[in-house]
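A look at the structure
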There are 2 protein chains.
Amino acid sequence: MHAALALAERGRGRTAPNPNVGCVIVQPAPAKGGGKVVGRGWTQPGGRPHAEAMALAAAGEAARGSTVYTTLEPCAHVSPRGPACSDLLVEAGVARVVAALGDPDPRTDGRGHDRLRAGGIVVETGVEADGAARSMAGFLTRRSLGRPHVTLKLATSLDGCLALANGESKWITGAEARAHAHLERARHEAILVGRGTYEADAPKLDVRLAGLEGRSPRRLVLSSRHPRFRGGDGWEMVTSPQSVATLETVDHLLVEGGAQTAAAFLAADLVDRLLLYRAPILIGGGKPAIGDIGLASLADAHRRWRLRDRRMLGIDTFEEFERVR
Amino acid sequence: MHAALALAERGRGRTAPNPNVGCVIVQPAPAKGGGKVVGRGWTQPGGRPHAEAMALAAAGEAARGSTVYTTLEPCAHVSPRGPACSDLLVEAGVARVVAALGDPDPRTDGRGHDRLRAGGIVVETGVEADGAARSMAGFLTRRSLGRPHVTLKLATSLDGCLALANGESKWITGAEARAHAHLERARHEAILVGRGTYEADAPKLDVRLAGLEGRSPRRLVLSSRHPRFRGGDGWEMVTSPQSVATLETVDHLLVEGGAQTAAAFLAADLVDRLLLYRAPILIGGGKPAIGDIGLASLADAHRRWRLRDRRMLGIDTFEEFERVR
């Protein structure tokens, strides 16, 4: 399942409105030491083929009698874009399906597993469910809350500044941290900045990593009135944090600043995940990373964020927090 | 030597102007499995007895033929407060002395080791020298720079705020972090706050830890003019960051805020060590931890701080940085 979850990451940010699923097919080996992987798949850009269909195609006849690990319940609905994966799995003669999560899509929602069982396949569920929920946070947030999963990225000094008082911000973090932030861009369908950042910097917001140049997401600017464009075509405007819910095929949104934009999303409680890149420097009297979020008391600030990951990126520290719901 | 360094910590903040030294005496055991500790010592409050004298007194006759681990070269000078440790070691008939650092005190400065060798003792030096230099940072900074070793403590949110805009700051960090900060107080001869903090909070700045109540340091307020006292006796006033150099028997100074005081010490480049207690909360638009330090460009901010330690204290993160010199 860990391998399936890793494959699922390949699709993150490119499969909306479909979930980014990963799938691994294992043929039990007669010798000791475990099975042999005969097929791997992940949801392709735009949502099709599905992960299971791709993995089955790779496995061919080797799928017969196999165990299929998939991060989401195989779909039960036939669509013009392809057959139902649960039917494909039965036809292929697999012996066992291990699924991390049930699919909340009302066209499946248990019917996928039912079809598998009806076809004589042993079904197990709930394996690595938390990891799968995190992996498909965009799809699940869209399903449950009707909006994208929102990640806020901040790059600051130890004292929480994102720039000097004079505006200088290049660079606070080092090359490793900036590369990591570019990789995060590729995992989102859209990136958003505020009007101030847009007009001052006209940032490219592209993915400057070898091999991933084609993964640059849609670019959004948050502004209640039309911003002063600086030669940038391809930008879209959203008028409020709430209005990102109306963006079609955006299930993962990355908010990249500045301080007022971060504050607007936080004040609306629309941030699900926080990426913090911290350089080992002190600025003192610089520009704070986050503007006023309307916090009335410290008690309201506590128990909202949980540390998920922390690692060094060069001499900078990367931390990932997730919103406690 | 690690055990000797741990013992040395017991004296930190109470031995100025003497160094806080640790000493362990090991009698080689005939059986396999290493030696037996026969004496332990650490510099006592006020500077006497010295660590070696204390350890020799504990060992008694068992010191004969032993190996003595000490974090600093044994002293070579007889004083009205006690005999020279190097003479005591020769008289006790120890076989070998392992010292981490040489003593820069001109009354010793190599003469201690010379006396030991003249007395037939094998001397090794430089073992765990970095750890010993860190352990005796107060003494060594006083010797080399003529001022105390200065530690700045900050307790902040993830976005670098030490209070809400309305001033609320109790509490940002949790009980574990606050207990750790109290333990740090006990390791300093004096604690300093700014006039604003003093007048607003009249903080106790004492050590509220069971068994360490008697370890509360001297309390200083940084102010260019006489602050409005709020019933606090026992407070002393210093008029500038530089003037802490004139404080006798203060080799370790803990600066506890607020933002302007932190900035004053940083702007003067008088901070050697930074303790950062960070709660997993966002405040947004709060009071920044550090005021203007006169930074002209980001390039000047880099390569000044090195991460030394990081650990969780409950759900808060503790980080220790040291100034790169």
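First things first, this report covers the structure right here in the doc.

Quick notes on the rules
- Residues numbered from 1 in each chain as written.
- Chains lettered and ligands numbered in written order.
- Predicted model: local features only at pLDDT ≥ 70, side-chain atom pairs only at ≥ 80, totals over all residues.
- Heavy atoms only, no water.
- Pairing = 2+ DSSP bridges.
- Helix = DSSP H or I, 4+ residues; strand = E, 2+ residues; numbered from the N terminus.
- Axes fitted to C-alpha atoms, helices over the stretch in contact; angles between N-to-C directions.
- Contact = heavy atoms within 4.5 Å.
- Buried < 20%, exposed > 50% of the residue type's maximum accessible area, 1.4 Å probe, protein only.
- Buried area = accessible area lost by both parts, 1.4 Å probe.
- Salt bridge = Lys/Arg side-chain N within 4 Å of Asp/Glu carboxyl O.
- Polar contact = N/O pair within 3.5 Å; in protein donor to acceptor, adjacent residues only side chain to side chain.
- Nonpolar A, V, L, I, M, F, W, Y, C, P; charged D, E, K, R; others polar.
- Right-handed = clockwise from strand over helix to strand, strands pointing away.
- 1 Å grid on protein atoms, 1.4 Å probe; cavity = no way out; pocket = protein on both sides within 12 Å on 5 of 7 lines; lining within 4 Å.
- Points joined across faces, edges and corners; volume = space filled by probe spheres on them.

Observations concerning the sheet that holds strand 8 (residues 190-194) of chain A
Residues and elements named next belong to chain A.
- Strand order in the open sheet formed by eight strands is 10-9-8-11-6-12-15-14, and the pairing between neighbours is mixed. Each end of this open sheet is capped by a strand with a single partner; those strands are strand 10 (235-238) and strand 14 (305-313). Taken over all neighbouring pairs, the strand axes of this sheet differ in orientation by 25° on average, direction set aside.
- As paired elements, strand 6 (residues 149-156) and strand 11 (residues 252-255) share four bridges and run parallel to each other. Each bridged residue has a counterpart across the sheet, and for valine 150 the counterpart in strand 11 is leucine 253.
- Its contacts with the sheet place helix 7 (residues 175-185) against strand 6, strand 8, strand 11, strand 12 (273-278), strand 14 and strand 15 (316-323), and it is angled at close to 160° to strand 12.

Quick word on helix 7 of chain A
- Those residues of helix 7 of chain A not exposed but buried are Ala177, His180, Ala181, His182, Glu184 and Arg185 of chain A.
- Residues of helix 7 of chain A that are buried in the fold lie against strand 6, strand 8, strand 11, strand 12, strand 14 and strand 15 of chain A.

Quick notes on the interface of chain B and chain A
- In this complex, chain B contributes 38 residues to the contact, which on the side of chain A involves 38 residues.
- Between chain B and chain A, the buried area comes to about 3,100 Å², and carbon and sulfur atoms account for 64% of it.
- The largest share of the area that chain B buries against chain A comes from Leu282, Leu298 and Arg310 of chain B, three residues that together contribute 21% of it.
- Linking chain B with chain A are two salt bridges, by the criterion used here.
- When the shortest N-O distance is used, the salt bridge between glutamate 319 of chain B and arginine 278 of chain A registers 2.8 Å.
- Our enumeration of links across chain B and chain A arrives at 12 residue pairs in polar contact (both at pLDDT 80 or more).
- The leading source of residues in the side of chain B that touches chain A is strand 14 (residues 305-313) of chain B, at four residues.
- Residue composition of the side of chain B that touches chain A, by class: 22 nonpolar, nine polar and seven charged.

Let's talk about the pairing of strand 3 (residues 67-72) of chain A
Residue and element names in this part refer to chain A.
- When you tally the buried positions in strand 3, you get five out of six residues, the bulk of the element.
- Bridge analysis of strand 1 (residues 22-27) against strand 3 gives four bridges, and the strand direction is antiparallel. Residue pairing in the sheet places valine 24 in a bridge with tyrosine 69 of strand 3.
- Where strand 3 meets strand 4 (residues 96-101), five bridges bridge the pair, whose relative direction is parallel. Its bridge partner being in strand 4, threonine 67 is matched across the sheet by arginine 96.
- Crossover handedness for the path strand 3 to helix 3 (residues 85-92) to strand 4: right-handed.

Observations concerning empty space enclosed by the protein
- Per the counting criterion, the structure on display carries one cavity of 30 Å³ or more.
- Lining the largest cavity, in full, are Asp159, Gly160, Cys161 and Pro288 of chain A together with Asp159, Gly160, Cys161, Gly286, Lys287 and Pro288 of chain B.
- Per-class residue counts for the lining of the largest cavity are four nonpolar, three polar and three charged.

Re the pattern of salt bridges
- Counting across every chain of the model gives 52 salt bridges over all chains.
- Where glutamate 184 of chain A meets arginine 187 of chain A, a salt bridge forms, and the shortest distance between an N and an O atom there is 2.8 Å. Assigned by exposure class, glutamate 184 of chain A and arginine 187 of chain A land together as buried.
- Here arginine 325 of chain B makes a salt bridge to aspartate 272 of chain B, at a shortest N to O gap of 2.8 Å.

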